[in-house]
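Inside the fold
Here is what each chain is made of, one letter per residue.
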Amino acid sequence: MTRDVKEIFSGDSPPAPAALAAKVRTLAPSMTRSMQLVAEAVAGDPAGCAALTVTGLAELTGTSEATVVRTARLLGYPGYRDLRLALAGLAAHQESGRSPAVTADIAVDDPIAEVVAKLAFDEQQTLADTAAGLDTAQLGAAVAAASTARRIDVYGVGASSLVGQDLAQKLLRIGLIAHAHTDPHLAVTNAVQLRAGDVAIAITHSGSTGDVIEPLRVAFDRGATTVAITGRPDGPVSQYADHVLTTSTARESELRPAAMSSRTSQLLVVDCLFIGVAQRTYETAAPALAASYEALAHRHSPRSTR
């Protein structure tokens, strides 16, 4: 990405077939209703749709050929032909014997054992979707920028603020200057001090949280490298992001709001970012991490009793 052109959905190559279902789940909420119909059809019956021409899929979904092509491009494929190839690959993968998915919806009268099983499945699906949809080129660029940054600011509110604090603490322990800002006023006043060579990271599941977007915009205008970790890559936050790292868009349920499930995918992206930085800065990161362990070791020792 550049500051002049923001091609959020472009990439060096189309998504792998295994990433298609994850891509549909992530982008469907931001699609028009007609595009959702196409996306739901290809995700629900990849084998059947792979056998259809663009005209056939348009007729099946009650849409137009143009809508089918636009949907294919939004999902990351240059055209419908590439989407059909991915559908065929996904169908073959599903026919290879993978266990069928189970619903993760939790009812008030579910036995606790079933709750555990459903939550475990949902966490696994969220992590798999995030990994499949994560643009590693964008991740690599964010890692490179953070590895050499003079200073790293992280913005997040609510549940995302917890993820921001986790990232900042990790970076601090390997010797980088990193701060997590949860107060929107302090976030903006700190962003004003950023410049080229600094990095600002915004974490917002919705991609439209004003208290997170504002400091990122200020950092962007000041010349800092900006990163957005979001479940809505087409959201307003991406306007001010040099690099966008997409998380899985989990479904809400009555007993499990999105704030809980989205945090799982955010933590995975944060861990990937951190490990990438630690790898690049290993010569300084390893001694810094060892020093932090040593400084805290006495706090984990059993207290002597008399």
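Above this text you will find the structure in question.
These remarks concern the structure in this document.

Conventions we followed
- Residues numbered from 1 in each chain as written.
- Predicted model: local features only at pLDDT ≥ 70, side-chain atom pairs only at ≥ 80, totals over all residues.
- Heavy atoms only, no water.
- Helix = DSSP H or I, 4+ residues; strand = E, 2+ residues; numbered from the N terminus.
- Buried < 20%, exposed > 50% of the residue type's maximum accessible area, 1.4 Å probe, protein only.
- Contact = heavy atoms within 4.5 Å.
- Areas by Shrake-Rupley, 256 points an atom, 1.4 Å probe, with all protein chains shown as cover.
- Expected span 1.5 Å × (residues − 1).
- Arc of directions from axis to C-beta.
- Phe/Tyr/Trp six-rings, centres within 6.5 Å; stacked < 30°, edge-to-face > 60°.
- Lys NZ or Arg CZ within 6 Å of the ring centre and 35° of its normal.
- Pairing = 2+ DSSP bridges.
- Axes fitted to C-alpha atoms, helices over the stretch in contact; angles between N-to-C directions.

This part is about the overall build of the protein chain. Of the regular secondary structure elements, the protein chain holds 13 helices and five strands. Within the protein chain, the proportion of its 306 residues that are buried is 43%. Partitioning the intrachain contacts of the protein chain with sequence separation of at least 6 by distance along the chain shows that 72% fall at a separation of at least 24. Accessible surface computed for the protein chain: about 15400 Å², of which carbon and sulfur atoms make up 55%.

This next bit is on helix α9 (residues 159-173). The terminal C-alpha atoms of α9, which comprises 15 residues, lie 22 Å apart, in line with the 21 Å expected from a rise of 1.5 Å per residue. Along α9, the residues classified as buried are Ser160, Ser161, Val163, Gly164, Leu167, Ala168 and Leu171. Along the axis of α9, the buried positions cluster into a sector of 160°, meaning they face one direction only. Positive phi appears at glycine 175, one or two residues downstream of α9, with a value of about 90°.

Turning our attention to the packing of aromatic side chains. Across all of its chains, the model carries one aromatic pair by this definition. Between phenylalanine 220 and tyrosine 240, the aromatic rings sit 6.1 Å apart at their centres with planes inclined by 70°, giving edge-to-face as the arrangement. Of this pair, phenylalanine 220 sits in helix α11 (residues 210-221) while tyrosine 240 sits in the loop between β4 (225-230) and β5 (243-246), and the two are 20 residues apart along the sequence. With relative accessibility at 22%, the residue tyrosine 240 sits in the partly exposed group. Between the NZ or CZ atom of arginine 173 and the centre of the ring of tyrosine 293, over which it lies, the distance is 4.7 Å.

A few words on the side chain of threonine 281. Here threonine 281 lies in the loop between α12 (258-280) and α13 (282-296). Overall, threonine 281 belongs to the buried group, its relative accessible area being 11%.

In this section: the environment of alanine 285. Mapped onto the elements of the fold, alanine 285 is located in helix α13. Distance from alanine 285 to isoleucine 174, taken between C-alpha atoms, is 4.3 Å for residues 111 residues apart in sequence. Apart from the residues within four sequence positions on either side, alanine 285 is in contact with Ile174 and Ala278.

Below, the discussion takes up the sheet that holds β4. Judged by pairing direction, the sheet is parallel, and its five strands sit side by side in the order β2-β1-β3-β4-β5 without closing on themselves. Each edge of the sheet is formed by a strand with only one pairing partner; in this case those strands are β2 (178-181) and β5. Looking at each pair of strands side by side, their axes are set apart by 15° on average, direction ignored. Alignment of strand β1 (residues 152-155) against β2, held across four bridges, turns out to be parallel. Residue pairing in the sheet places valine 154 in a bridge with alanine 180 of β2.

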